[in-house]
Amino acid sequence: MRRPNYFASRGFDRAGHRRQDPEWMAGALRHPDARVLLVRRAEVALDPAQRLVQVAAWEGLVPDHGLVFLGEDADGAPVFCVDVGVMADAEEASGADAFRFVDLRGAAMVLPEDEANRAAYASAMLTWHARHRFCGACGEPTTTDWAGHVRRCPGCGAEHFPRTDPVIIVLCTAGDSCLLGRQRIWPPQMWSALAGFVEPGESLEDAVRREVMEEAGVLVAEPVYHSSQPWPFPMSLMLGFHAPVGDAPTEVVVDTNELEDARWFGRDELTDAVADGGVMLPPPFSIARQLVDSWLGT
Ligand SMILES: [Zn+2]
């Protein structure tokens, strides 16, 4: 079995059955080993040792006010996160000191895998809350329930659940070459696998075929699933594929509205270019890099 991608869980128990049990939740907030992550949207609090700040619960924490129950650690300790933007006194009340908020991408370079998982989970949940303060059906302000896992509309009764947006990411291969593209806004040498949001009414395979055809004019027949990765920027799920398209590279027609360039790289050419700095691949924690590395066999 391949290792889970970075940001994925290593077996963290979300304890979903606890979410609708207010009595248990009240007890969990008094649990002597309860852990609370401090989050400011896409930023997480790190201590000087670059570890996630996980402080004890304090008096005044209420699940409906910027606090989300994440689950239970293996030792039974309940784990929460709090949005310090919503709970204005959280930074001070938490008693945490010597921490700083770090953008999740920066944190991803330093956090161990189990902490990266809960940081990603917390950030995606709190971003969802921040973006769903009003009912999408009738416009009334919504309230939270189930320890932060549902928002309800008192106006029309609609229930809104946390969202995750599916994105396909695909490395096309042809014989000993792979297809990489680059966006204008990226650093000059950065190349990566092609990616795009899944549209309504599409299967994942449809989305892979459409994105590759749109962006590079290359025909994909059968994408092969590789793995997935929670991608909390802000709340996506990356679904990774390899797509063998034949024995030899075909012509590439770049959609310059989407990409600055796309082209085939031979295996040796790519390996050499990465070694001498001519090509920069996405960071090792990304599924894009995993798709390339697993094809290279590195
Ligand atoms: Zn409503």
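Residues numbered from 1 in each chain as written. Predicted model: local features only at pLDDT ≥ 70, side-chain atom pairs only at ≥ 80, totals over all residues. Heavy atoms only, no water.

Engineer: Provide a residue-level description of the side chain of E211, including the pertinent values.
Structural biologist: Tracing the backbone shows E211 in helix α5 (residues 204-216). For E211, a relative accessible area of 5% translates into the label buried. For E211, the side chain forms a polar contact with the side chain of R210, separated by 3.2 Å. Among all residues touching E211, those that are not within four sequence positions of it are I168, A195, G196, F197, A216 and E258. (Helix = DSSP H or I, 4+ residues; strand = E, 2+ residues; numbered from the N terminus. Buried < 20%, exposed > 50% of the residue type's maximum accessible area, 1.4 Å probe, protein only. Polar contact = N/O pair within 3.5 Å; in protein donor to acceptor, adjacent residues only side chain to side chain. Contact = heavy atoms within 4.5 Å.)

Engineer: Report on the coordination of the zinc ion, specifying residues and quantitative values.
Structural biologist: Coordination sphere of the zinc ion, protein contribution only: C135 (SG), C138 (SG), C153 (SG) and C156 (SG), at 2.2 to 2.4 Å. For the zinc ion, the 4 donor atoms in the first shell make angles of 96 to 116° at the metal, a pattern classed as tetrahedral. Ordering the donors of the zinc ion by residue number gives the pattern C-x2-C-x14-C-x2-C. For C135, a relative accessible area of 4% translates into the label buried. (Donors = N, O, S within 2.8 Å, 3.2 Å for Na, K, Ca; no water. Tetrahedral: all angles 85-135°; square planar, octahedral: opposite > 155°, others 65-115°.)

Engineer: Summarise the sheet that holds strand β9 (residues 159-160); cite the residues concerned and give the values.
Structural biologist: As summarised here, the arrangement of the 3 strands in space is β7-β8-β9, forming an open sheet in which the pairing is antiparallel. Both outer strands of the open sheet, β7 (143-145) and β9, are each paired with one neighbouring strand and no more. (Pairing = 2+ DSSP bridges.)

Engineer: For the packing of aromatic side chains, give the residues involved together with the corresponding values.
Structural biologist: By convention here, two paired aromatic rings are described through the distance between centres and the angle between planes. Under the definition given, this model contains 13 aromatic pairs. Where F7 meets F233, the ring centres are 5.9 Å apart and the plane angle is 70°; that geometry is what we call edge-to-face. Here F7, found in the segment before α1 (22-30), pairs with F233, found in the loop between β13 (224-231) and β14 (236-244); they are 226 residues apart in sequence, far enough to count as distant. Residue classification places F7 among the buried positions, given a relative accessible area of 1%. The interplanar angle of 75° and the centroid separation of 5.7 Å between the aromatic rings of Y225 and F241 together place this pair among those described as edge-to-face. A residue pair is termed long-range when its members are at least 10 positions apart, and Y225 in strand β13 and F241 in strand β14 qualify at 16 residues. (Phe/Tyr/Trp six-rings, centres within 6.5 Å; stacked < 30°, edge-to-face > 60°.)

Engineer: Could you give an account of the pairing of β14, naming the residues involved and the relevant values?
Structural biologist: Taken across its 9 residues, β14 has 7 buried, putting it largely inside the fold. Where β13 meets β14, 7 bridges bridge the pair, whose relative direction is antiparallel. Within β14, the position partnered with Q229 by the bridge is M238.

Engineer: Any chance you could break down unusual backbone geometry for me, citing the residues and the numbers?
Structural biologist: The omega torsion of the bond from F233 to P234 falls at 0°, within 30 degrees of zero and hence cis. If you trace the backbone, P234 turns up in the loop between β13 and β14. Positive phi, close to 80°, is recorded for F7, a residue that is not glycine. For A15, which is not glycine, the phi dihedral falls at a positive 45°.

Engineer: Go over the nonpolar core, please, and point to the residues and values.
Structural biologist: Counting residues in each nonpolar core, the largest one holds 45 residues, and the members touching the most others are L70, L180 and L270. Both domains that meet at this core, namely domain 1 (16-160) and domain 2 (165-296), each give it at least three residues. Among all residues touching L70, those that are not within four sequence positions of it are F12, D13, R14, L37, V79, F80, C81, R118, Y121 and A122. Counting residues in each nonpolar core, the second largest holds 22 residues, with A15, L29, W58 and F99 among its members. (Core = buried A, V, L, I, M, F, W, Y, C linked by side-chain atoms within 4.5 Å. Domains from an automatic or database assignment.)

Engineer: Account for the domain arrangement of the protein chain, with residues named and values stated.
Structural biologist: As far as domains go, the protein chain holds domain 1 (16-160) and domain 2 (165-296). Computed over C-alpha atoms only, the centres of domain 1 and domain 2 are separated by 33 Å. Contacts between the two partners involve 10 residues from domain 1, matched on the other side by 7 residues from domain 2. Taken together, both faces of the contact between domain 1 and domain 2 bury some 780 Å²; the carbon and sulfur share is 79%. Counting every contact that joins domain 1 to domain 2 gives 0 residue pairs in polar contact (both at pLDDT 80 or more). Secondary structure elements with two or more residues in the side of domain 1 that touches domain 2: α3 (104-108) and α4 (113-131). The biggest single contributor to the side of domain 1 that touches domain 2 is α4, with 6 residues. Among the residues making up the side of domain 1 that touches domain 2, the classes are represented as 6 nonpolar, 2 polar and 2 charged. (Buried area = accessible area lost by both parts, 1.4 Å probe. Nonpolar A, V, L, I, M, F, W, Y, C, P; charged D, E, K, R; others polar.)

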